[in-house]
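Overview (structure and organization)
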There are 2 protein chains.
Amino acid sequence: MSLEKQFTEHFSKIKGYEEAIALLYWDLRTGAPKKGVELRSESIGTLSAEVFNLSTSDEFGELLSSLEAEQATLDPFVRRSVEEARKEYDLSKKVPPEEYKKFIILKSKAESVWETAKEDSDFSLFLPYLDELVSSTKKMIGYWGEKNGSPYNTLLDQYEPGMTTEILDEVFGKLRQRIVPLVQKIAASPNKPKTSFLYEHFPKEAQQDFSRQMLEQLGYDFEAGRLDETVHPFMISINRQDIRVTTKYDEDDFRTAVFGTIHEGGHAMYEQNLGEALSGLPIETGASMGIHESQSLFCENFIGRNEHFWQQNFNLLKEYAPKQFADVELVDYVRAINESKPSLIRIEADELSYALHIMVRYELEKGLFDGDLQVSDLPKLWNDKYEEYLGVRPSNDAEGVLQDVHWAGASFGYFPSYALGYMYAAQFKGAMLKDLPNFDELLAERNINPIREWLTSNIHHHGAFKKPLDILKDVTGEGLNPAYLAEYLEEKYSKIYQLDN
Amino acid sequence: MSLEKQFTEHFSKIKGYEEAIALLYWDLRTGAPKKGVELRSESIGTLSAEVFNLSTSDEFGELLSSLEAEQATLDPFVRRSVEEARKEYDLSKKVPPEEYKKFIILKSKAESVWETAKEDSDFSLFLPYLDELVSSTKKMIGYWGEKNGSPYNTLLDQYEPGMTTEILDEVFGKLRQRIVPLVQKIAASPNKPKTSFLYEHFPKEAQQDFSRQMLEQLGYDFEAGRLDETVHPFMISINRQDIRVTTKYDEDDFRTAVFGTIHEGGHAMYEQNLGEALSGLPIETGASMGIHESQSLFCENFIGRNEHFWQQNFNLLKEYAPKQFADVELVDYVRAINESKPSLIRIEADELSYALHIMVRYELEKGLFDGDLQVSDLPKLWNDKYEEYLGVRPSNDAEGVLQDVHWAGASFGYFPSYALGYMYAAQFKGAMLKDLPNFDELLAERNINPIREWLTSNIHHHGAFKKPLDILKDVTGEGLNPAYLAEYLEEKYSKIYQLDN
């Protein structure tokens, strides 16, 4: 059997396992009976261990080396896949197995301690675990070897290949200089949108039907996916022809389901439109966490919160909730769904202030890994930065430094991807306007097809064949530029809050 | 690690895989998007191959031999599990791998040819495949070695351990002598039940709610299972705390869902009540296909079609379909749901004539394996026997010899289990009446608990720790006795059709 064939057969086996694991997980989050959960975890554990074995076996390492020796003659998709597989292989293999195991156990303990600490709003409980997570991660970086010149860059690269603190310092700095004054002007504006009508009772079944229609408008293929209810919404790829969306229904705030579904629909649109050439390869996935988020945010904000999108859809919405919106004008509806209000909690943040939440976390992580910040300094620094950037100060650790699970899982370096998603999306929108200057008209006509096709040929199609910053460069002709997001936010929010009046 | 521990760890790994396979299958049958099916089959194939490898590896063979050498000192549940594992191991290992593979491919081809042949109602298309399936199965029996003195007994033993043609000839003969005259009397009876009201429109959602209530009355634990819709209903064990039921809704005949759900609920009741001591072992399953069927049929017929069960439940049913049953008396409803009419199709048969359908198949299979019956003789013989036993003659092969998929999958020896399920159930009912003489009153009060508890302690609890004929002996004090089923049918149908009037 040829080396390439051995490689693709190896991954088709891994994909078979991953499909099962994904379905076991999806089922657990959408309706598995609660008593079955304990054994379910064992089943997921058994299969995950097997995937780990397949991905890190010595035989597989030898296959990679043989392929690397013939790099020049390889099919380009296989060549790029070998590169990705090597990266994953080294991440696991460079760490001594005993330490790797200890680290997994530490993370699992830390997550359960974090839960209690958050419930009790007591950082001191979590402190020793977070301290050990940071020092263990530093030790891992020692094994992996530094990438791009600093320990924290090594972590950034795992989620967003090629991303560095040098880039982030600059773009976050520029973005903050434009967002913070905007947040302050909005806080001072007397022209606040009326929002009370958002919170009226909207029956779940009606929300469900409307959410399905939103997915259909986006071009989501229901013959290659489905929509289900869950507690913490997510998109999941079961296989390339089975891409599932989940959502949550709050009968007192329909926005949770509608914008949540559109957001996850954006992730699904990415996965449903990966190129055929990637089939079965490890690069049959999104280019990075940030690029993935750019697609969900593009759908949620640049489509879903655009006034033109609602020109006809507001009438459709009224069919599902006629009393709720009987006396509401389109313009007031659009202002309401674009309300901006600085908050303490990241996952409740609006699109204007979201990036500020990320900057707080980024600066703290950078301090921990590249600077001399101590874990014990985190709570106070967190609160100070929230006050400085957002004008709000947490009154306890639960609504401050303990709010996110990421650090308990040692996912240091992950947060920046969220903000990158916003910047990528705005920059893609800038490039799209050159090809589709009638973007707003398309939305008004509910003709999303040309928009989706543009995203597919420029982004979705390539999967992880291209790296995130290469996609950005190829599509927009420039590097990461926060001006697109800043301009979009300034223009939009000046209008919503009538800041020039 | 002790040998016992190695053995249980091995099976906990296999159970992990089997959980994933079961869920992949369940999902495929309850709502997986259609485009994802092709890759889904690959995933199931990958995991199934791994389970096969784990169950037939040389290492596992050595472990079995080591355990067998220490048999006397083993925990009894492990000892019995080793016996079962050995049986499965030998079934796979005694056949040369190349032949085993050819047989798998033959079955898969034959199934698709059978589909076409059935569609075209043309046995000649299927004939060469069926011929090869029979001769290949005979060759397999050569490798396995004959069990209980004849080739067909070897096959029977695989589905119903200990079952032989000697037993079946006797019990089927006796049963037929009592069923055939009853069928003839019913056909001649002028007292046919009115059934037109059964076929009125009954909305799916209402059927769904009512079906859930039926499962709850049976004691089905919804925290360890769920009810979903499918095309060909089944029960499936995902893990011991996750036992799922599926059903089908026909809005023009509510009986499909209601009695189908009760039937599958009986299978689920078995799996939900397996003893704790069996956890993780290969004997954590039903004792045999026939015993499993006895539990579903007990629920469907001895509970679900008993007039007392409907004493209160008919009023509940009326709440869900008030117009449909407005002018129907309980007695007429009970007569209608117990209508008996000889038919050509096994899966549409009522409880009186069902066993006759099985006898036709049993006699033909026995002729093929133990006698000199040729595959080409089947269509005519099939039709002759239908005419003799049921008084109806198929007009083509689709409604005759081609109706069932079983032979295309080489599942020779499987059919008798269905009829055994009826006989076991009736015999269990006889024993139950000694402990619960108030059986009918319990049903009338909808107090199924004592009945379920009796079934659990006598049957469910033991799983496959005991063999089917041992369970029968322990519970009823005798061997297989068809008189219980015959008496039940005579008494019931004499009343329904007022045969003595």
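Preceding this paragraph is the structure being described.
What comes next concerns the included structure. (Residues numbered from 1 in each chain as written. Chains lettered and ligands numbered in written order. Predicted model: local features only at pLDDT ≥ 70, side-chain atom pairs only at ≥ 80, totals over all residues. Heavy atoms only, no water.)

Once that is clear, we can look at the pattern of salt bridges. All names here are of chain B. Under the definition given, this model contains 78 salt bridges over all chains. Between Lys-366 and Asp-169 there is a salt bridge, and its shortest N-O distance comes to 2.9 Å. Residue Lys-366 is found in helix H14 (residues 354-369), and its partner Asp-169 is found in helix H8 (residues 165-188); the two are separated by 197 residues along the sequence. In this structure, Arg-346 engages Asp-404 in a salt bridge whose closest nitrogen and oxygen atoms are separated by 3.0 Å. One end of the pair, Arg-346, is in the loop between helix H13 (330-337) and H14; the other, Asp-404, is in the loop between helix H15 (378-390) and helix H16 (416-435), with 58 residues separating them in the sequence. Of the two residues examined, Arg-346 and Asp-404, each falls in the buried class. (Salt bridge = Lys/Arg side-chain N within 4 Å of Asp/Glu carboxyl O. Helix = DSSP H or I, 4+ residues; strand = E, 2+ residues; numbered from the N terminus. Buried < 20%, exposed > 50% of the residue type's maximum accessible area, 1.4 Å probe, protein only.)

Below, the discussion takes up the interface of chain B and chain A. Taken together, the contact pairs 34 residues of chain B with 34 residues of chain A. Contact with chain A buries area across many residues of chain B, yet Pro-33, Lys-35 and Glu-223 of chain B alone supply 21% of it, more than any other trio. Inspection of the region where chain B meets chain A yields twelve salt bridges. Across the salt bridge formed by Arg-40 of chain A and Glu-19 of chain B, the nearest N and O atoms sit 2.8 Å from each other. Taken together, chain B and chain A are joined by 21 residue pairs in polar contact (both at pLDDT 80 or more). Those elements that provide at least two residues to the side of chain B that touches chain A are helix H1 (3-30), helix H2 (37-56), strand S2 (235-239) and strand S3 (242-247) of chain B. (Contact = heavy atoms within 4.5 Å. Buried area = accessible area lost by both parts, 1.4 Å probe. Polar contact = N/O pair within 3.5 Å; in protein donor to acceptor, adjacent residues only side chain to side chain.)

Residue and element names in this part refer to chain B. Mapped onto the elements of the fold, Lys-118 is located in helix H5 (residues 97-120). Residues Lys-118 and Ser-353, 235 residues apart in the sequence, show an inter-C-alpha distance of 23 Å. Sequence-distant contacts of Lys-118, that is, excluding residues within four places in its chain, are made with Ala-398, Leu-402 and Gln-403. Only 3.1 Å separates the side chain of Lys-118 from the backbone oxygen of Gln-403, close enough to count as a polar contact.

Residue and element names in this part refer to chain A. With mixed pairing, three strands are arranged side by side in an open sheet as S1-S3-S2. Each edge of the open sheet carries a strand with a single partner, namely strand S1 (227-229) and strand S2 (235-239). Neighbour to neighbour, the strand axes of the sheet diverge by 30 degrees on average, direction disregarded. In terms of strand pairing, S1 meets strand S3 (residues 242-247) through three bridges, oriented parallel. Within S3, the position partnered with Glu-229 by the bridge is Thr-247. This element, helix H10 (residues 255-272), spans S1, S2 and S3 of the sheet and lies at about 165 degrees to S3. (Pairing = 2+ DSSP bridges. Axes fitted to C-alpha atoms, helices over the stretch in contact; angles between N-to-C directions.)

Looking now at the relation of the copies chain B and chain A. Applying a rotation about an axis and a shift along it to one chain copy brings it onto the other copy. Superposition of chain B onto chain A requires a rotation of 180 degrees combined with a translation of 0.0 Å along the rotation axis, giving an RMSD of 0.0 Å. In the structure described here, the two chain copies are related by an operation that fits a two-fold rotation axis. When each C-alpha of chain B is compared by its distance to the rotation axis, Ala-20 of chain B comes out closest, at 2.9 Å. (Least-squares fit on C-alpha atoms with pLDDT ≥ 70 in both.)

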